[in-house]
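# Architecture at a glance
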Amino acid sequence: MSDSSSKAGMSHDRRRFLKMGAGAIAAVPVAALVGGRVAFAEDLPKLDEADPSAVALGYKHDAADVDTAKFPKRTGAEGEKQLCSNCNLYQGGDAEWGPCAIFPGRRVAGPGWCNAWIPMQG
Ligand code: SF4
């Protein structure tokens, strides 16, 4: 057991770890760094409607509760179809709650809405 082979092993492990770390960062849509550790989507806390960033964008867990006087984007027949679950920034798939690119590290409700809504692509 030579010291040099041990160091070489550590170096290889370090490179492997760094590659895995890059992979973990690339996987942010399904996981995020929370409190210095990787958290999977289902572990992320739900976005608080009272969070200042949520308030600024008029986010509500239930899109029917959106203040359409302040956020007229969600008025009319087309506006009423807008939900987090059909927003291009929603990363929850068919899940009831999922990550959103606008509110990193938290989950939003599929039936929710905010003023950053954009139509699902494809
Ligand atoms: S950006 Fe889209 S998915 Fe995110 S909170 Fe707003 S409407 Fe929902």
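Please read these numbers as outputs of a predicted model, since none were measured by experiment. (Residues numbered from 1 in each chain as written. Predicted model: local features only at pLDDT ≥ 70, side-chain atom pairs only at ≥ 80, totals over all residues. Heavy atoms only, no water.)

## Observations regarding the overall build of the chain
- Looking only at helices and strands, the chain features 3 helices and 4 strands.
- Walking the chain from its N terminus toward its C terminus, one meets helices and strands in the order α-β-β-α-α-β-β.
- Per-residue burial over the chain gives 26% buried out of 122 residues.
- Excluding contacts between residues fewer than 6 apart, the proportion of contacts in the chain whose partners are at least 24 apart in sequence is 54%. (Helix = DSSP H or I, 4+ residues; strand = E, 2+ residues; numbered from the N terminus. Buried < 20%, exposed > 50% of the residue type's maximum accessible area, 1.4 Å probe, protein only. Contact = heavy atoms within 4.5 Å.)

## Observations regarding the site of the ligand
- Taken together, Tyr59, Cys84, Cys87, Leu89, Tyr90, Cys100, Ile102, Phe103, Val108, Cys114, Ala116 and Trp117 are the residues near the ligand.
- When its residues are assigned to classes, the shell around the ligand shows 12 nonpolar, no polar and no charged. (Near = heavy atom within 4 Å. Nonpolar A, V, L, I, M, F, W, Y, C, P; charged D, E, K, R; others polar.)

## Digging into the pattern of salt bridges
- Summed over all chains, the structure comprises 2 salt bridges.
- Residue arginine 106 is joined to aspartate 51 by a salt bridge in which the shortest nitrogen-to-oxygen separation is 2.7 Å. Linking arginine 106 in the loop between strand 3 (97-99) and strand 4 (107-109) with aspartate 51 in the loop between strand 2 (37-40) and helix 2 (52-56), this pair joins segments that are 55 residues apart in sequence.
- As a salt-bridge pair, glutamate 78 and lysine 81 come within 3.0 Å of each other at their nearest N and O atoms.
- A residue is classified by how much of its surface remains accessible, and glutamate 78, at 56% relative accessible area, is exposed. (Salt bridge = Lys/Arg side-chain N within 4 Å of Asp/Glu carboxyl O.)

## Let's talk about the packing of aromatic side chains
- This structure, assessed with the given rule, holds 2 aromatic pairs.
- Pairing phenylalanine 71 with tryptophan 113 gives two aromatic rings, centres 6.3 Å apart and planes at 65°, and the pair type is edge-to-face. In this pair, phenylalanine 71 sits in the loop between helix 2 and helix 3 (76-80) while tryptophan 113 sits in the segment after strand 4, placing the two residues 42 residues apart along the sequence.
- With a relative accessible area of 12%, phenylalanine 71 lands in the buried category. (Phe/Tyr/Trp six-rings, centres within 6.5 Å; stacked < 30°, edge-to-face > 60°.)

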